[in-house]
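What follows is the residue order along each chain.
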Amino acid sequence: MIDDALRERARAAVRYRVSRALGDATYLAAALCRRFEGAYLRPYICPAGVWTIGYGATFYPTGVRVLPTDEPITLQQAESMLDWMLRKVFMPEVHRLCPGIKTPEQLAAITDFAFNLGTGRLKTSTLRKRINEGDWEAVPGELRKWTHGGGRILRGLVARREAEILLLTSKS
């Protein structure tokens, strides 16, 4: 009986720490996304040629794709969509692809990378391989490889990768 009670308290403590870490990671990843995506309350075409709204959303939580004829959204809706995309779409996939991630800072930085470039690029990358090998010394160099667009280095992507590196190398 005492063992069961201790086990349950230990499980509850782990659940609390995981929940807190995910909350911290969501907050950190959202800050990066806000900084580098910007909030657009009307549909626009992103640099990849896709209709987008809010903080880089290409579809709504209902699964419907953003179209040029969509009504504008409020900043509150943009925030809600960003939180939903991070918690329900990107973070679970980053967790699945990169079980080697150990800290909220690492999770936030790699989630921002996936938000920016897509989970498909993360899935096939050497970056993912280095993370899952636990080779965190090599991760900054791998992130720095993802700074090109249209065949040239983009300052905005350089700044974004450096912000991700700064975050993932910070101490919890």
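Structure: see above.
Residues numbered from 1 in each chain as written. Predicted model: local features only at pLDDT ≥ 70, side-chain atom pairs only at ≥ 80, totals over all residues. Heavy atoms only, no water.

Draft legend 1. Main features of the overall build of the protein chain. Tallying secondary structure elements over the protein chain gives seven helices and four strands in all. Along the protein chain, helices (α) and strands (β) appear in the sequence α-β-β-α-α-α-α-α-β-β-α when read from the amino end. When burial is assessed residue by residue, the protein chain has 36% of its 172 residues classed as buried. Put simply, 57% of the contacts in the protein chain that link residues at least 6 apart link residues at least 24 apart. (Helix = DSSP H or I, 4+ residues; strand = E, 2+ residues; numbered from the N terminus. Buried < 20%, exposed > 50% of the residue type's maximum accessible area, 1.4 Å probe, protein only. Contact = heavy atoms within 4.5 Å.)

Draft legend 2. Representation of the pairing of strand β1 (residues 40-45) within the structure. Pairing analysis gives three bridges linking β1 to strand β2 (residues 51-54), with the strands arranged antiparallel. By the bridge assignment for β2, Ile45 is matched with Trp51. (Pairing = 2+ DSSP bridges.)

Draft legend 3. The arrangement of the nonpolar core in detail. Judged by nonpolar contacts, the single largest core of 39 residues is most densely connected at Leu82, Ile101, Ile110, Leu122, Leu127 and Ile131. Of all elements in the fold, only α1 (2-37), α2 (75-97), α3 (104-117), α5 (126-133), α6 (139-143) and α7 (155-168) reach the threshold of two or more residues within this core. Among the elements that line this core, the one with the most residues is α2, at nine residues. What Leu82 contacts, discounting residues up to four positions off in sequence, is Ala30, Cys33, Arg34, Tyr55 and Phe115. (Core = buried A, V, L, I, M, F, W, Y, C linked by side-chain atoms within 4.5 Å.)

Draft legend 4. Region of interest: the pattern of salt bridges. For the structure shown, the criterion picks out nine salt bridges. Ionic pairing is found between Arg160 and Glu37, a salt bridge with its closest N-O pair at 2.9 Å. Of this pair, Arg160 sits in helix α7 while Glu37 sits in helix α1; the two residues are 123 residues apart in sequence, bridging distant segments of the chain. For Arg160, a relative accessible area of 3% translates into the label buried. In this structure, Arg130 and Glu133 form a salt bridge, with 3.2 Å as the shortest nitrogen-oxygen distance. Pair noted here: Arg130 and Glu133 are both in helix α5, with a separation of three residues, about one helical turn. Among the charged side chains, a salt-bridge network with shared partners connects Glu37, Asp112 and Arg160. (Salt bridge = Lys/Arg side-chain N within 4 Å of Asp/Glu carboxyl O.)

Draft legend 5. Inspection of the packing of α2 against α3 at higher detail. At a minimum axis distance of 9 Å, the contact between α2 and α3 shows a crossing angle of 105°. The orientation of α2 with respect to α3, classified from their angle, is roughly perpendicular. Contacts between α2 and α3 involve Leu82, Met85, Leu86, Phe90, Met91, Val94 and His95 on the former and, on the latter, Leu107, Ile110, Thr111, Ala114 and Phe115. For the contact of α2 with α3, a count of residues per class yields 10 nonpolar, two polar and no charged. (Axes fitted to C-alpha atoms, helices over the stretch in contact; angles between N-to-C directions. Parallel < 35°, antiparallel > 145°, perpendicular 65-115°, else oblique. Nonpolar A, V, L, I, M, F, W, Y, C, P; charged D, E, K, R; others polar.)

Without other data, these values stay purely geometric and don't point to any function.
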